[in-house]
Protein chains: 4
Amino acid sequence: MKNTFGNNLTVTLFGESHGQAIGAVLDGLPAGFEIDLDLLKEDMEKRKAKGALSTKRHEADEVHIVSGFFEGKTTGTPLTLLIENKSQRSSDYAALKYRLRPGHADWSAFEKYGGHQDYRGGGHFSGRLTAPIVAAGAICRQILSAKGVEIGSHIESLHGIEDEKFSSDLPTLKEQVLQTRAMEFSVLNKEAASQMEEAITNAAKELDSVGGILETAVIGLPAGIGEPFFDSVESVLAHLLFSMPAVKGVSFGLGFGFAGLKGSEANDPIYSANGSISTATNHNAGINGGISNGMPILIHTCIKPTPSIYKPQASVDYRTRENVTLEIKGRHDPAIIHRARIVADSLTAIGILDLWMASAATKSFENRY
Amino acid sequence: MKNTFGNNLTVTLFGESHGQAIGAVLDGLPAGFEIDLDLLKEDMEKRKAKGALSTKRHEADEVHIVSGFFEGKTTGTPLTLLIENKSQRSSDYAALKYRLRPGHADWSAFEKYGGHQDYRGGGHFSGRLTAPIVAAGAICRQILSAKGVEIGSHIESLHGIEDEKFSSDLPTLKEQVLQTRAMEFSVLNKEAASQMEEAITNAAKELDSVGGILETAVIGLPAGIGEPFFDSVESVLAHLLFSMPAVKGVSFGLGFGFAGLKGSEANDPIYSANGSISTATNHNAGINGGISNGMPILIHTCIKPTPSIYKPQASVDYRTRENVTLEIKGRHDPAIIHRARIVADSLTAIGILDLWMASAATKSFENRY
Amino acid sequence: MKNTFGNNLTVTLFGESHGQAIGAVLDGLPAGFEIDLDLLKEDMEKRKAKGALSTKRHEADEVHIVSGFFEGKTTGTPLTLLIENKSQRSSDYAALKYRLRPGHADWSAFEKYGGHQDYRGGGHFSGRLTAPIVAAGAICRQILSAKGVEIGSHIESLHGIEDEKFSSDLPTLKEQVLQTRAMEFSVLNKEAASQMEEAITNAAKELDSVGGILETAVIGLPAGIGEPFFDSVESVLAHLLFSMPAVKGVSFGLGFGFAGLKGSEANDPIYSANGSISTATNHNAGINGGISNGMPILIHTCIKPTPSIYKPQASVDYRTRENVTLEIKGRHDPAIIHRARIVADSLTAIGILDLWMASAATKSFENRY
Amino acid sequence: MKNTFGNNLTVTLFGESHGQAIGAVLDGLPAGFEIDLDLLKEDMEKRKAKGALSTKRHEADEVHIVSGFFEGKTTGTPLTLLIENKSQRSSDYAALKYRLRPGHADWSAFEKYGGHQDYRGGGHFSGRLTAPIVAAGAICRQILSAKGVEIGSHIESLHGIEDEKFSSDLPTLKEQVLQTRAMEFSVLNKEAASQMEEAITNAAKELDSVGGILETAVIGLPAGIGEPFFDSVESVLAHLLFSMPAVKGVSFGLGFGFAGLKGSEANDPIYSANGSISTATNHNAGINGGISNGMPILIHTCIKPTPSIYKPQASVDYRTRENVTLEIKGRHDPAIIHRARIVADSLTAIGILDLWMASAATKSFENRY
């Protein structure tokens, strides 16, 4: 389904960058869950554009819960999250309507919608649509957290600058994951963080932009979640993560690094200690055959450099078919990866919760539980 | 849905490695399509284990179409593909039931199914399940081919050995794609092919295995296919590709390479020639905002080394929780990537056809068509 | 899916009777369709409570389209319909929270949501949720109308008073269907209309309520729409119609009357005139094997008497488990069938459009079209 | 989805009357459930044509479970049910290909599939497709039975002959439901049974057929199952029941009888006894607001007279458009309702189990459980 995802838990996304409002409907939530609105707001803050590293379009992004929420708790019926657009400057876009921005959806949208798409600020394709995703994900993450599951991301690399990886030591990893929840600019190594911030600032100065890779960890997930084929943990999470604008690669554990290894190097040796099974390494990122094995799930998401750059670019006028030199106006991000990381957390939370519910549905009819 | 995927076109997968039969139900096909059974057989041949590079389990993999096919054509009702298992040697697995094979789904399956899974030969998790996927995909690819869309894959890299990439020149690319359809071992560069075959043979001698990366191209797809968010071309194709056993990474175009670029390098300049719009480069792999733009779609799929290796490995007896040294018997592949490439083609065909149908559904209610 | 329905065209419903707003997200619409907002408003008017025949809760039911609509036309991305609640009188319900209203969802909702449901005015179970259904259906009906398909309903019977049936003569039927679109109280026979209005007024005086049966006709639908099994026209329309609160029976054509007939009486003789095929009778309501045959589709929907009555009723306090005599306050409808008819039209339009799109998707890959 | 239904539990149906085999894939089953194959066979027997009351096409209908079943238990992966067609006499149909049988899907199938449908014996539209439904439903019913839920149907009326209704006394009802499971010809009142059998025999003699109404009861279902709107218990069960060939009406409890009542007569008074809540009557059939309240669910399904009759009928040759007099050959049922009742039980079981799983999924994340 186009803008609805999930089975037991569904998210329906709507809105355009310069329309009246954007939002999401979250259906299938357990009833009686007390949403921590401050925590939800904190998550929204992490996605917000602030300071020199982001666009100058500053939106309040206040989340209105217009249904499914009563006396501070979920009702179990569809919960609707509404966010008003307030800082549109549509005039920036009027001249651009037919001038296709390279790397953007302008061209493909014209082909798909025949010119009827709301082109202002990217319309429905805008990164603004990730705001309701964060709001929906924040609720899912709170539900998961109550079950002992934590999710966190850091910028693994940005324009060649590498952060340290998430630790393979479980207690350290847990600490790191919780730590990322508190960080404004989520990078584990402080020096790497400064270098990355500098790289973004430099890109901005050059009227250019930079991209990078996020590493996301899910810890505390029980074994046995996920399905063998079409609803493998990898399939569902990749489906969601590739929905995020600008994502061009998703991998798990060693990811593309598996291509250079032998089986004896790639397999994670299994051992038992005090009756509990574990693996010595976690190259497979806690997933075998599409199903969680109880080890941390580790995801890499590559986010391309923001396509909106101020540098002149070769392009075309869709209507006249003339070749033109395009100079983008408007307010844009020299990088979005630092804002995107909470979006990755959110999409991951939505996917994990839905997969878990599917497992719970089946297991509730088995005697062993 | 667990073993069913798609909206207008759905594939339902069933069977286990050592059960009576495996198969798939393909629903939503156009009526009256004449299936080329020889071509279907050719595709099945490409997946078959043959010679020194693959497992010694040789299955005839004869495809029986038991429904939805009448007088040589599709009827439009569900088409069922049935493949009998004939060369099982289940005795190889009896001793293994509780001994978890590292890198395999044994452990996670125990956690999910409580020991009720058919453990023989990997059961439902077996690579054998990709045989009905190939049969289903073969039909979809024939339908796409009749519309001018061709799909092909080659081994982009194997254990560090690199093939040349698909050409950025469109006529050359088309030639290459058609060429891969004829190749037994799909590698563009002959020398790279010999080195890769040698690497597989060596891995087999060392009782080990190797992995690699596939590059898949879709050419001839019209612009405007795909959806902005949850059914982006990337989302749907990644969902399907991650369903294939052993896949740990999927990327599009420059993929993870985007992380090191600037926006000005990553964006594909757009130009017009003779009234037709095109891009000078194709870093974004023919997809912007989740929607096709008419340029070739290029996908990279990382396949980890076969987890079944003959080398002794550290493992655990699930029942007794004892640490054990595992020596796998049975018949296994020192590499699966050369057999997996037709699976990648097939899954891609299924996803592309379903996405196209969704577009066609909507467009048939628009005046401009 | 709980509050989302459809495949190519999906409707997601949200809101509660006394919450801030109710609404729907309509996804999969063709792009560039010019919505006639006056017509949409007219449809909303038909559902509105007015005069002595309905509740005294009078809502403006102004529809705000907050996304997917740009410069007077659909964009092709999710279209969101938002309706604010303005005339809540929640104090009427505070005392009622634990007192289960017979015939209502109070009891089952307590069991499902554990007391966390928004109980005010029936919450998410309220007939108010049919307002966004009408708004969504209005758009679908306009799209169908542009393709020559018209939908209309009349009150076939109300508390024993029978209207004349829709005509079996096609031109007359078309006239009648268009006529219902203009009627405030949709009854074909004027005398029957007065009697029905009187029956409603009398029920109100007796602090009671009445129910009835709607007959809905779909004319102009091409043959070949619908699917043999789970997406039969009957299955999809019944699914939607049974979603409407208070519906307890749905039938097609002769419906339950088939039980008393012989095959020779029930079958519709087929004849050909001027190369065009038709049936002499239309007992099967234009549907054979779940698929449209081009004749009018005729649906009967039974709507039970409004469960909210002012008469004292035997009930229970859910918390204390005490038997109580319940006297309902609040503002209620002595009948809803005259307001429900546009809801039946709307749900039918949604189902027909989605089924048609599925057919269009498949057919676009067949040579014969 | 066309031939797949369900969310957590899905059924995919395939096959044609005169093809090689028909079958179903049942996915989402709990692992480790021991299927009673004798009971499954008993259910299949109830659907079989036997004696003078049914067609002379006698199929063994042996069910082969080709996947998802290991060592006598479900594995949790897709369970495939395969039934071979053995008694086809396709020659009966060759002459009929273009001669549209009134009341059948021949005409609409031509319009949908353009002549590519397998027309022999009704092809995919045949009542034979209900055989795999019964096999799938038998497994679901066994799972429900283990949870205390029993389902049974009787012929409520046949060509004007009325059986007694299911009792409103719960212990008696339970006895009746279990009793129907043992009956070959499921009618509660013996005299009514003889009259009905006679009516069928007479219809056969007259080269005609008869129809009727089934009453289905679901007992023991906990309160709180079902969803407020699109997955109401009524919506889901009606969707499934209308998938059964020849069904033209579905209602719940008083059904269309509600149209003549007042609210004070229609509402079920609620009372409490020993801390347990119940209703004095059960007009609403155990469902309020789409959700079960713990009382028995009662469904009425109208099945039209078999359209295949030997009497000459007016029809058309689809190819030549000539008016013809049609005399159907082949082997047909003078009534199918006595065979259809186990199909109604089966579809009901599939729907109830899927709805229950959805509830279980959500509730497993609520503290109160």
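Every value quoted in this text rests on a predicted model; they were computed, and no experiment measured them.

As for the side chain of Asn-3 of chain B
Here is step 1 of the chain: In this structure, Asn-3 of chain B sits in the segment before strand 1 (4-5).
Here is step 2 of the chain: Of the residues examined, Asn-3 of chain B reaches a relative accessible area of 2% and is grouped as buried.
Here is step 3 of the chain: Among the polar contacts listed, one links the side chain of Asn-3 of chain B to the side chain of His-124 of chain B, at a separation of 2.9 Å.
Here is step 4 of the chain: A distance of 2.8 Å separates a polar atom in the side chain of Asn-3 of chain B from a polar atom in the side chain of Asp-27 of chain D.
Here is step 5 of the chain: Not counting residues up to four positions away in its chain, the partners in contact with Asn-3 of chain B are Phe-229 and Phe-230 of chain A, Val-11, Thr-12, Leu-13 and His-124 of chain B together with Asp-27 and Pro-78 of chain D.

Some words on a negative patch on the surface
Here is step 1 of the chain: Residues Glu-34, Asp-36, Asp-38 and Glu-42 of chain A make up a contiguous surface patch of negative charge.
Here is step 2 of the chain: Using a relative accessible area of 60% as the deciding quantity, one classes Asp-38 of chain A as exposed.

Thoughts on the relation of the copies chain B and chain A
What relates the pair of chain copies is a rotation about an axis plus a shift along that axis.
Here is step 1 of the chain: Mapping chain B onto chain A calls for a screw motion: a turn of 180° about the axis and a shift of 0.0 Å along it, with 0.0 Å RMSD after fitting. Expressed as a symmetry operation, the mapping of one chain copy onto the other fits a two-fold axis.
Here is step 2 of the chain: A symmetric contact is evident, with 100% of the interface residues of chain B recurring at the interface of chain A.

Here we look at the sheet that holds strand 1 (residues 4-5) of chain D
Residues and elements named next belong to chain D.
Here is step 1 of the chain: The strand order across the open sheet formed by five strands is 1-2-3-7-4, and the pairing between neighbours is antiparallel. Of all strands in the sheet, those bounded by a partner on one side alone are strand 1 and strand 4 (64-67).
Here is step 2 of the chain: In the sheet, strand 1 pairs with strand 2 (residues 10-15) via two bridges, with the strands oriented antiparallel. When the sheet's bridge partners are listed, Phe-5 is paired in strand 2 with Val-11.

A look at the packing of aromatic side chains
Here is step 1 of the chain: Tallied over the full model, the rule gives 30 aromatic pairs over all chains.
Here is step 2 of the chain: For the ring pair Phe-365 of chain A and Trp-356 of chain D, a centre distance of 5.2 Å and an interplane angle of 85° mean the geometry is edge-to-face. With Phe-365 of chain A in the segment after helix 9 (337-363) and Trp-356 of chain D in helix 9 (residues 337-363), this residue pair bridges two chains. For the pair shown, Phe-365 of chain A and Trp-356 of chain D are each scored as buried.
Here is step 3 of the chain: With 5.8 Å between their ring centres and 45° between their planes, Phe-230 of chain C and Phe-5 of chain D make a pair best called tilted. Of the two residues, Phe-230 of chain C is situated in the loop between strand 10 (212-219) and helix 7 (233-241) and Phe-5 of chain D in strand 1; the pairing between them involves two chains. The pair formed by Phe-230 of chain C and Phe-5 of chain D is uniform in burial state, with each residue classed as buried.
Here is step 4 of the chain: One aromatic cluster is present, built from ring pairs that chain together Tyr-98, Phe-110 and Tyr-318 of chain A.
Here is step 5 of the chain: Above the face of the Tyr-98 of chain A ring, Arg-319 of chain A is positioned so that its terminal group lies 3.8 Å from the ring centre.

Observations regarding the packing of helix 7 of chain C against helix 7 (residues 233-241) of chain D
Here is step 1 of the chain: Viewed as axis vectors pointing N to C, helix 7 of chain C and helix 7 of chain D meet at an angle of 170°, and their least axial separation amounts to 8 Å. Taken together, the axes of helix 7 of chain C and helix 7 of chain D are roughly antiparallel relative to one another. Taking contact as the criterion, the partners of Ser-235, Val-236, Ala-238 and His-239 of chain C in helix 7 of chain C are, on helix 7 of chain D, Ser-235, Val-236, Ala-238 and His-239 of chain D.
Here is step 2 of the chain: Tallied by class, residues from the contact of helix 7 of chain C with helix 7 of chain D come to four nonpolar, four polar and no charged.

Thoughts on the interface of chain A and chain C
One widely used convention gives an interface's size as the accessible area the parts lose upon coming together.
Here is step 1 of the chain: On the chain C side, the residues contacting the 42 residues of chain A number 42 residues.
Here is step 2 of the chain: Of the roughly 3200 Å² buried where chain A meets chain C, counting both sides, 61% is carbon and sulfur surface.
Here is step 3 of the chain: Counting the surface chain A buries against chain C, the share from its top three residues, Met-1, Phe-70 and His-116 of chain A, is 19%.
Here is step 4 of the chain: If you look at where chain A meets chain C, you find zero salt bridges.
Here is step 5 of the chain: The tally of links from chain A across to chain C stands at nine residue pairs in polar contact (both at pLDDT 80 or more).
Here is step 6 of the chain: Contributions of two or more residues to the side of chain A that touches chain C are made by strand 2 (10-15), strand 3 (21-27), strand 4 (63-67), strand 6 (73-74) and strand 7 (79-84) of chain A.

Concerning the state of the cysteines
Here is step 1 of the chain: Per the stated rule, a full pass over the model turns up zero disulfides over all chains.
Here is step 2 of the chain: Not part of a disulfide, Cys-302 of chain B finds its nearest cysteine sulfur in Cys-302 of chain A, a span of 15 Å.
Here is step 3 of the chain: Using a relative accessible area of 0% as the deciding quantity, one classes Cys-302 of chain B as buried.

Some remarks on the interface of chain B and chain A
Here is step 1 of the chain: Listed by partner, the interface residues are 110 residues for chain B and 110 residues for chain A.
Here is step 2 of the chain: Both faces combined, the contact of chain B with chain A buries some 8700 Å², and carbon together with sulfur accounts for 62% of it.
Here is step 3 of the chain: Remark: the boundary between chain B and chain A carries six salt bridges.
Here is step 4 of the chain: Taken together, the connections running from chain B to chain A amount to 56 residue pairs in polar contact (both at pLDDT 80 or more).
Here is step 5 of the chain: Looking at the side of chain B that touches chain A, its residues break down into 47 nonpolar, 45 polar and 18 charged.
Here is step 6 of the chain: In this sheet, strand 11 (residues 247-252) of chain B lies alongside strand 11 (residues 247-252) of chain A in antiparallel orientation, the contact comprising three bridges.

Some details on the relation of the copies chain A and chain C
Here is step 1 of the chain: Rotating chain A by 180° and translating it 0.0 Å along the rotation axis places it on chain C, where the RMSD comes to 0.0 Å.
Here is step 2 of the chain: Residue by residue, 100% of the interface of chain A is reproduced at the interface of chain C, so both copies engage with the same surface.

With respect to the sheet that holds strand 7 (residues 79-84) of chain B
Residue and element names in this part refer to chain B.
Here is step 1 of the chain: As summarised here, the arrangement of the five strands in space is 1-2-3-7-4, forming an open sheet in which the pairing is antiparallel. This sheet does not close on itself; its edge strands, each paired only once, are strand 1 and strand 4 (64-67).
Here is step 2 of the chain: Relative to strand 7, strand 3 (residues 21-27) runs antiparallel, the two sharing six bridges. Paired with Ile-22 across the strands is Ile-83, a residue of strand 7.

Digging into the pattern of salt bridges
Here is step 1 of the chain: In the structure shown here, the tally under the stated rule is 68 salt bridges over all chains.
Here is step 2 of the chain: The closest approach of N and O atoms between Arg-101 of chain B and Asp-106 of chain B, which form a salt bridge, is 2.8 Å. Across the pair, Asp-106 of chain B and Arg-101 of chain B agree in class, each one buried.
Here is step 3 of the chain: Lys-46 of chain D serves as the salt-bridge partner of Asp-43 of chain D, at 3.5 Å between the closest nitrogen and oxygen. Of this pair, Asp-43 of chain D and Lys-46 of chain D both sit in helix 1 (residues 37-47), three residues apart, which is roughly one turn of that helix. For the pair Asp-43 of chain D and Lys-46 of chain D, a shared accessibility class is recorded, and that class is buried.

Brief notes about the side chain of Gln-176 of chain C
All names here are of chain C.
Here is step 1 of the chain: Inspection of the secondary structure puts Gln-176 in helix 5 (residues 170-182).
Here is step 2 of the chain: Overall, the relative accessible area of 9% leaves Gln-176 in the buried class.
Here is step 3 of the chain: Not counting residues up to four positions away in its chain, the partners in contact with Gln-176 are Glu-164, Lys-165, Phe-166, Ser-167 and Leu-188.

Considering helix 4 (residues 130-146) of chain A
All names here are of chain A.
Here is step 1 of the chain: Under the 1.5 Å per step criterion, the end-to-end length of helix 4 is 24 Å for 17 residues, consistent within 8% with the ideal 24 Å.
Here is step 2 of the chain: Burial within helix 4 is extensive, with 15 of its 17 residues counted as buried.
Here is step 3 of the chain: Just downstream of helix 4, Gly-148 is the residue with a positive phi angle, here 90°.

Cut-off values and rules
- Residues numbered from 1 in each chain as written.
- Chains lettered and ligands numbered in written order.
- Predicted model: local features only at pLDDT ≥ 70, side-chain atom pairs only at ≥ 80, totals over all residues.
- Heavy atoms only, no water.
- Helix = DSSP H or I, 4+ residues; strand = E, 2+ residues; numbered from the N terminus.
- Buried < 20%, exposed > 50% of the residue type's maximum accessible area, 1.4 Å probe, protein only.
- Polar contact = N/O pair within 3.5 Å; in protein donor to acceptor, adjacent residues only side chain to side chain.
- Contact = heavy atoms within 4.5 Å.
- Patch = residues over 30% accessible without salt bridge, like charges linked within 9 Å, V, L, I, M, F, W, Y side chains within 5 Å.
- Areas by Shrake-Rupley, 256 points an atom, 1.4 Å probe, with all protein chains shown as cover.
- Salt bridge = Lys/Arg side-chain N within 4 Å of Asp/Glu carboxyl O.
- Lys, Arg positive; Asp, Glu negative; His and termini not counted.
- Charge placed at Lys NZ, Arg CZ, Asp CG, Glu CD.
- Least-squares fit on C-alpha atoms with pLDDT ≥ 70 in both.
- Pairing = 2+ DSSP bridges.
- Phe/Tyr/Trp six-rings, centres within 6.5 Å; stacked < 30°, edge-to-face > 60°.
- Lys NZ or Arg CZ within 6 Å of the ring centre and 35° of its normal.
- Axes fitted to C-alpha atoms, helices over the stretch in contact; angles between N-to-C directions.
- Parallel < 35°, antiparallel > 145°, perpendicular 65-115°, else oblique.
- Nonpolar A, V, L, I, M, F, W, Y, C, P; charged D, E, K, R; others polar.
- Buried area = accessible area lost by both parts, 1.4 Å probe.
- Disulfide = S-S within 2.5 Å.
- Expected span 1.5 Å × (residues − 1).

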